[in-house]
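Take a look at the letters that make up each chain.
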Amino acid sequence: MGSNNKQTTPLPTDLHPVVKERSNQLIQQAAKKGIVLVITDGFRSAEDQDRLFEKGRTSEGNIVTYAKGGESYHNFGLAIDFALKTPEGNVIWDMNYDGNKNGVADWTEVVKMAKSLGFQWGGDWAKFKDYPHLEMDFGLTIADLQNGERPPNSSLTADGEQ
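Here is what the cut-offs are and how they apply
Residues numbered from 1 in each chain as written. Predicted model: local features only at pLDDT ≥ 70, side-chain atom pairs only at ≥ 80, totals over all residues. Heavy atoms only, no water. Buried < 20%, exposed > 50% of the residue type's maximum accessible area, 1.4 Å probe, protein only. Helix = DSSP H or I, 4+ residues; strand = E, 2+ residues; numbered from the N terminus. Contact = heavy atoms within 4.5 Å. Salt bridge = Lys/Arg side-chain N within 4 Å of Asp/Glu carboxyl O. Core = buried A, V, L, I, M, F, W, Y, C linked by side-chain atoms within 4.5 Å. Phe/Tyr/Trp six-rings, centres within 6.5 Å; stacked < 30°, edge-to-face > 60°.

Digging into helix α3 (residues 106-116)
Then comes step 1: Those residues of α3 that fall on the buried side of the exposure criterion are D106, W107, E109, V110, V111, M113 and A114.
Then comes step 2: Looking at the packing, one finds that the buried side of α3 touches α1 (17-32), β1 (36-41), β2 (79-85), β3 (91-92), β4 (120-121) and β5 (133-135).
Then comes step 3: G118 occupies a position one or two residues after α3 and carries a positive phi of about 105°.

Encoded structure:
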């Protein structure tokens, strides 16, 4: 009696299939508008996350995240980061760049397309704004994910014995 109730759901090792599919759709939709979108980061292991967390703390550089390993939607395959690519092949994070010359910043166009595909944007966050960040939480908090819950439509969903 009183067995350990902690689920041992394996951590994902790749982007959730829906996130991957929507990321590809976002790239295609942007391309139709003359915007070359680059996914600079997708699934990230807890170890990689810890290395990023150290930036600006115990290693050189600026602070780029407040999430330690296991505290980011990237660690659960539910987030991507993006940038734009210029015709010269430069990858940029310029939110005012209007490469397709339609009078609207390409970044703004990408964010609008991403939201229509179901992504939430880190630029809408109240505290630490993460402008390149897009995520789908499927209604799950980081705590839910840490406790073994997984979004539907995934082979990683924990069903079965309680």
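There is more to say after this.
Comments concerning unusual backbone geometry
Then comes step 1: One non-glycine residue with positive phi stands out, namely K101, at about 55°.
Then comes step 2: Residue K101 is classed as exposed on the basis of its relative accessible area of 67%.
Then comes step 3: Notably, F138 is not glycine yet its phi reads approximately 50°, a positive angle.
Then comes step 4: Position of F138 relative to the elements: it lies in the loop between β5 and α4 (142-146).
Then comes step 5: Looking at F138, the relative accessible area reads 30%, which means it is partly exposed.

Some thoughts on the pattern of salt bridges
Then comes step 1: Summed over the entire model, instances satisfying the criterion amount to six salt bridges.
Then comes step 2: For R51, the salt bridge goes to D48, with nearest N and O atoms at 2.3 Å. Highlighted residues: R51 and D48, both in helix α2 (residues 46-54), separated by three residues, approximately one helical turn.
Then comes step 3: Classification of R51 as exposed rests on a relative accessible area of 54%.
Then comes step 4: Through salt bridges that share partners, D41, R44 and D81 make up one connected network.

A few points about the nonpolar core
Then comes step 1: Of all hydrophobic cores here, the largest spans 28 residues; its most connected members are L26, V110, F119 and L134.
Then comes step 2: Looking at this core, the elements that each hand over two or more residues are α1, β2, α3 and α4.
Then comes step 3: Counting residues per element, this core draws most heavily on α3, which supplies five residues.
Then comes step 4: Leave out the neighbours within four places in its chain, and L134 touches L26, L78, A79, I80, F82, A114, F119, Q120 and W121.

Considering the packing of aromatic side chains
Then comes step 1: For the structure on display, the rule yields three aromatic pairs.
Then comes step 2: Ring geometry for F82 and W107: centres 4.4 Å apart, planes at 35°, overall tilted. Linking F82 in strand β2 with W107 in helix α3, this pair joins segments that are 25 residues apart in sequence.
Then comes step 3: Judged by centre distance (5.8 Å) and plane angle (55°), the rings of W121 and Y131 are tilted. Here Y131 lies in the loop between β4 and β5 and W121 lies in strand β4, a separation of 10 residues in the sequence.

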